[in-house]
Amino acid sequence: MDSHGQGDNDGSSGSSNTCPICIGPFHIDSYLDKCFHKFCRNCILRWSEVVAGRHSKPPSSVKCPLCKTENTSIIHGTSFQKHYFNQDVGSSAFFSDAHKYRLQCYYIEPGTLTDTFSVSLYWKSNKYVQKNRFLFNWLRRELQALFQKEDVDIIAHHLHGSIDSLGSSKTKAPGDSPGTKQEEFKALVSQAAEPFLRGRTSRFVEELELFLASGLTIEAYDKVYIQHLGWKYDELTPDDDDVIPESTPVVPSLSLFNDDDFE
Amino acid sequence: MRIYRRPNHFLQNVQVVAVGSSYLVQSAAYKMQASRARLFKEYKEVQREKSADPDIQLVCDDSNIFKWTALIKGPSETPYEAGVFQLAFSVPEQYPLQPPQVRFLTKIFHPNVHFKTGEICLDILKNAWSPAWTLQSVCRAIIALMAHPEPDSPLNCDSGNLLRSGDIRGFQSMARMYTNLAAMPKKG
């Protein structure tokens, strides 16, 4: 029964100057991203809501009402703005609870975690020479949280590259004092990030330093961060429970080290 | 620090709630207006192209734009040929986001139509509905269903069983008999 009638749609919608959903003139031209069929922005958004309402969790794609092609987003506006279907519900595929918590971190006062992760130790002990293999994923998530956009890979690569170049140039100049290295790092990252992050640049650099100083995996870092702030994340904590057993041993040794030697 | 953190946390939630509720109010109003506006457009389209599809005659209820009836001609080379079948449309307020409810008012012997209630088993009237369908195109889909019954999802088991057992002749004579009994336009 699937077969019949699909071609009928074209004839019934009359001319191509009307939206197939409201049969009226287009109000804010919006195109589906795969098949490029055009609808009013509101019409196709309402339809995507109806489709989403049928599923227990929001689907990442919606079938085109005209041709049944699966589409993941609507493109509209002069700037070809993309609207992902599952964004309405506030839980887009990429924007997880972890992203929400990272974004919220930017609304609290800076410096709350400096007792936990000693940034100065990081520079004094030349830890920056070692590459942090979690850094790229951390950068990407941080940028996704700040921009609330999924595709931040270019900026993440850009920042990762400049941090990397710093690490390698540092090894050639071991005579520098920790302070100047830190300053150099801050200046370089700020310069790289400023065009994108603007007012949030300096805070971003601080958060980046904290993460590097922690030497933790992303999961373990989140755990410590959230615990320290005393926030409760019902969705975050159960998942993290599996991760703690391996990662917690790092934390006490780190804070012990800090207290004894430098505080 | 605490004073600074809490309000922000709080504000964010409030914002989400506010956005959510205005959205709901908006969409309720939208549905009602949108369904009327669209049905009115369909009505005008039907008036304009009355002769375009001689097999379908769609009529809107005088007092209620959400109630329609249609007369469709039985497709040729089927046992429904020469019959005229009446359909009743009940359009929901969420139309076209929700499909219209359609049933046969005229008795019809067809595997996908309930013999007593006239209920129609057709995917596009259920989960395969698309807002690009119109009442007119739904009528066309029903005519197509009359010509191509789907005996594997029967609402009328007797009819479905005849077809599934390969008794085409038995099915056709039953269907033709009911067409003659119920669907023949009265003369004069």
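Just so we're clear, the structure is a prediction, and the values are computed from it rather than from any experiment.

1. Some words on the packing of helix H7 (residues 178–197) of chain A against helix H8 (residues 201–214) of chain A
Residues and elements named next belong to chain A.
- The geometry of H7 relative to H8 is characterised by a closest axis approach of 9 Å and an angle of 130° between their N-to-C directions. Considering their axes alone, H7 and H8 lie oblique with respect to each other. You can see that H7 and H8 cross each other, and the crossing is right-handed. Between H7 and H8, the residues in contact are Gln182, Phe185, Lys186, Val189, Ser190, Ala193, Glu194 and Leu197 and Thr201, Phe204, Val205, Leu208, Glu209 and Leu212, respectively.
- For the contact of H7 with H8, the class distribution of residues is 8 nonpolar, 3 polar and 3 charged.

2. Let's talk about the packing of aromatic side chains
- Under the defined criterion, the tally for this structure stands at 15 aromatic pairs over all chains.
- Consider the rings of Phe211(A) and Tyr221(A), whose centres lie 5.0 Å apart with planes at 90°: the pair is edge-to-face. Highlighted residues: Phe211(A) in helix H8 and Tyr221(A) in helix H9 (residues 218–229), separated in sequence by 10 residues.
- With relative accessibility at 0%, the residue Tyr221(A) sits in the buried group.
- Centroid distance Tyr95(B) to Trp129(B): 6.1 Å. Interplanar angle 40°. Geometry classified as tilted. Here Trp129(B) lies in the loop between strand E4 (101–104) and helix H2 (135–147) and Tyr95(B) lies in the loop between strand E3 (84–90) and E4, a separation of 34 residues in the sequence.
- The exposure class of Tyr95(B) is buried, given its relative accessible area of 1%.
- Counting every residue linked through ring pairs, the aromatic cluster contains Tyr101(A), Phe117(A), Trp138(A), Phe211(A), Tyr221(A) and Tyr225(A).

3. Comments concerning the nonpolar core
- Core analysis: the largest hydrophobic core is formed by 59 residues, its most contacted members being Ile72(B), Leu87(B), Phe89(B), Phe104(B) and Ile120(B).
- Residue contacts for Phe104(B): discarding those within four places in its chain leaves Ile72(B), Phe85(B), Gln86(B), Leu87(B), Val113(B), Thr117(B), Gly118(B), Ile120(B), Ile142(B) and Met146(B).
- Counting 47 residues, the second largest nonpolar core, distinct from the first, contains Leu197(A), Val205(A), Phe211(A) and Tyr225(A).

4. Remarks on helix H4 (residues 168–182) of chain B
All names here are of chain B.
- With 15 residues, H4 extends 21 Å from end C-alpha to end C-alpha; this agrees with the ideal 21 Å at 1.5 Å per step.
- All of the buried residues along H4 are Gly170, Phe171, Ala175 and Thr179. Buried residues along H4 cover an arc of 165° about the axis, so they all sit on one side. Among the exposed residues of H4, those oriented more than 90 degrees off its buried face are Arg169 and Leu181.
- Among the structural elements, E3 and helix H3 (157–164) are those in contact with the buried residues of H4.

5. Description of the side chain of Gln136(B)
- The topology assignment puts Gln136(B) in helix H2.
- Once residues within four sequence positions are removed from consideration, Gln136(B) is found in contact with Glu42(B), Val46(B), Asp53(B), Ile56(B) and Leu58(B).

6. Brief notes about the UniProt feature "active site" (unreviewed entry) in chain B
- Feature annotation in UniProt assigns "active site" (unreviewed entry) to the following positions: Cys121(B).
- Note on Cys121(B): relative accessible area 22%, which makes it partly exposed.

7. What about the sheet that holds strand E2 (residues 38–40) of chain A?
Residues and elements named next belong to chain A.
- Strand order in the open sheet formed by 4 strands is E2-E1-E5-E6, and the pairing between neighbours is antiparallel. Edge positions in the open sheet fall to E2 and strand E6 (81–84), since each of these has one partner strand only. Geometrically, the sheet is characterised by an average inter-axis angle of 35° between neighbouring strands, direction not taken into account.
- Strand direction decides the pairing type here: strand E1 (residues 29–32) and E2, joined by 3 bridges, are antiparallel. Considered in E2, the bridge of Ser30 is made with Phe39.
- Helix H2 (residues 41–53) rests against E1, E2, strand E5 (73–76) and E6 of the sheet, and its axis sits at about 90° to E2.

8. Structural notes on the pairing of strand E1 (residues 56–60) of chain B
Residues and elements named next belong to chain B.
- Every second residue of E1 is oriented toward a common face, the buried set being Ile56, Leu58 and Cys60 and the non-buried set Gln57 and Val59.
- Strand direction decides the pairing type here: E1 and strand E2 (residues 67–73), joined by 5 bridges, are antiparallel. Bridge assignment links Val59 to a residue of E2, and that residue is Thr69.
- What sits between E1 and E2 in their antiparallel hairpin is a turn of 6 residues.

Cut-off values and rules
Residues numbered from 1 in each chain as written. Chains lettered and ligands numbered in written order. Predicted model: local features only at pLDDT ≥ 70, side-chain atom pairs only at ≥ 80, totals over all residues. Heavy atoms only, no water. Axes fitted to C-alpha atoms, helices over the stretch in contact; angles between N-to-C directions. Helix = DSSP H or I, 4+ residues; strand = E, 2+ residues; numbered from the N terminus. Parallel < 35°, antiparallel > 145°, perpendicular 65-115°, else oblique. Left-handed = near helix turned anticlockwise from the far one by under 90°. Contact = heavy atoms within 4.5 Å. Nonpolar A, V, L, I, M, F, W, Y, C, P; charged D, E, K, R; others polar. Phe/Tyr/Trp six-rings, centres within 6.5 Å; stacked < 30°, edge-to-face > 60°. Buried < 20%, exposed > 50% of the residue type's maximum accessible area, 1.4 Å probe, protein only. Core = buried A, V, L, I, M, F, W, Y, C linked by side-chain atoms within 4.5 Å. Expected span 1.5 Å × (residues − 1). Arc of directions from axis to C-beta. UniProt positions renumbered as here; feature names shortened; annotations may be inferred. Pairing = 2+ DSSP bridges.

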